[in-house]
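Overview (structure and organization)
Chain residues, written in single-letter form:
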Amino acid sequence: LGIKLIYDYVEFIDQLPISRGRDKRFSDFLPGKADKILCITSFLKEDVINKGFRGKTFILPPITDFNNLEQIQQMPHVRTAYFLYCGSGAYLNTLKFILESFAQLKNKEVKLVLVVNGSESELDEFRKYLSQNPESGRVVHKSNLALEELVELYRNALALLIPLNS
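Residues numbered from 1 in each chain as written. Predicted model: local features only at pLDDT ≥ 70, side-chain atom pairs only at ≥ 80, totals over all residues. Heavy atoms only, no water.

Turning our attention to helix H4 (residues 92-103). Helix length check: H4, at twelve residues, gives a terminal C-alpha distance of 16 Å against a target of 16 Å (1.5 Å per residue), a fit within 8%. Packed against the buried residues of H4 are strand E4 (82-88), strand E5 (111-117), helix H5 (120-131) and strand E6 (139-142). (Helix = DSSP H or I, 4+ residues; strand = E, 2+ residues; numbered from the N terminus. Expected span 1.5 Å × (residues − 1). Contact = heavy atoms within 4.5 Å.)

Spatially, four strands are ordered E6-E5-E4-E7 in an open sheet, and the strand pairing comes out parallel. The open sheet has two edge strands with one neighbour each: E6 and strand E7 (159-160). Bridge count between E4 and E7: two bridges; the pairing is parallel. Its bridge partner lying in E7, Phe 83 is registered against Ala 159. Contacting E4, E5 and E6, H4 runs over the sheet at an angle of about 175 degrees to E5. Running at roughly 170 degrees to E6, H5 makes contact with E4, E5 and E6 of the sheet. (Pairing = 2+ DSSP bridges. Axes fitted to C-alpha atoms, helices over the stretch in contact; angles between N-to-C directions.)

Attention now moves to the pairing of strand E2 (residues 36-39). Covered by surrounding structure in E2 are Ile 37 and Cys 39 only, the residues Lys 36 and Leu 38 on the alternate face being uncovered. Bridge count for strand E1 (residues 6-9) against E2 is four bridges, and the pairing is parallel. Each bridged residue has a counterpart across the sheet, and for Tyr 7 the counterpart in E2 is Ile 37. Note: E2 against strand E3 (residues 56-59), four bridges, orientation parallel. The partner of Leu 38 across the bridge, within E3, is Phe 58. Considered for its hand, the β-α-β crossover made up of E2, helix H2 (residues 42-50) and E3 is right-handed. (Buried < 20%, exposed > 50% of the residue type's maximum accessible area, 1.4 Å probe, protein only. Right-handed = clockwise from strand over helix to strand, strands pointing away.)

Moving on: the sheet that holds E1. On the basis of which strands lie adjacent, the open sheet formed by three strands has the order E1-E2-E3 and parallel pairing. The open sheet has two edge strands, E1 and E3, and neither has a second partner. On average, each strand axis in the sheet is inclined to that of its neighbour by 20 degrees, with strand direction left out of account. Packing of H2 onto the sheet brings it into contact with E1, E2 and E3, and relative to E3 it is tilted by some 165 degrees.

Put simply, H4 and H5 touch, their axes get as near as 11 Å, and they point 20 degrees apart. In terms of axis orientation, H4 runs roughly parallel to H5. Two packed elements cross with a definite hand, and for H4 against H5 that hand is right-handed. Between H4 and H5, the residues in contact are Leu 92, Leu 95, Lys 96, Leu 99 and Glu 100 and Glu 125, Phe 126, Tyr 129 and Leu 130, respectively. Partitioned by chemical class, the residues of the contact of H4 with H5 number six nonpolar, no polar and three charged. (Parallel < 35°, antiparallel > 145°, perpendicular 65-115°, else oblique. Left-handed = near helix turned anticlockwise from the far one by under 90°. Nonpolar A, V, L, I, M, F, W, Y, C, P; charged D, E, K, R; others polar.)

This is the structure:
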């Protein structure tokens, strides 16, 4: 067809199997199919090079229109300090890691807000795990948020949690 494939690599997904029961990982499969790859970090660029990709790679960090987001005000009525994590229910191991780490926090006044989306089965498994977690009283789970509500959560959080592990 003469069509070039440029892949925008924004998430290290080695932990997720390709759907439909295949035994390969998506990031192992991808380098052989793409002509060029845009990566948001040097870690992801090194990952595709280490997997044998010999095409062009570029690092293009995520870009945000901060002027547009400035219109969304911080919530002065929020009195509870919280950490924020946003991710997929497919990363149950990462969610467990966050909850285990959060349990070690000495300041028990701080809460954890988890914005977790995913399939119904992924969310059911996550909710089941969360309900059995001793810290569940300090954890708020949200899903399917409007952009304004998500930005509001970002602006009011003590920190955004981005756990990096492989």
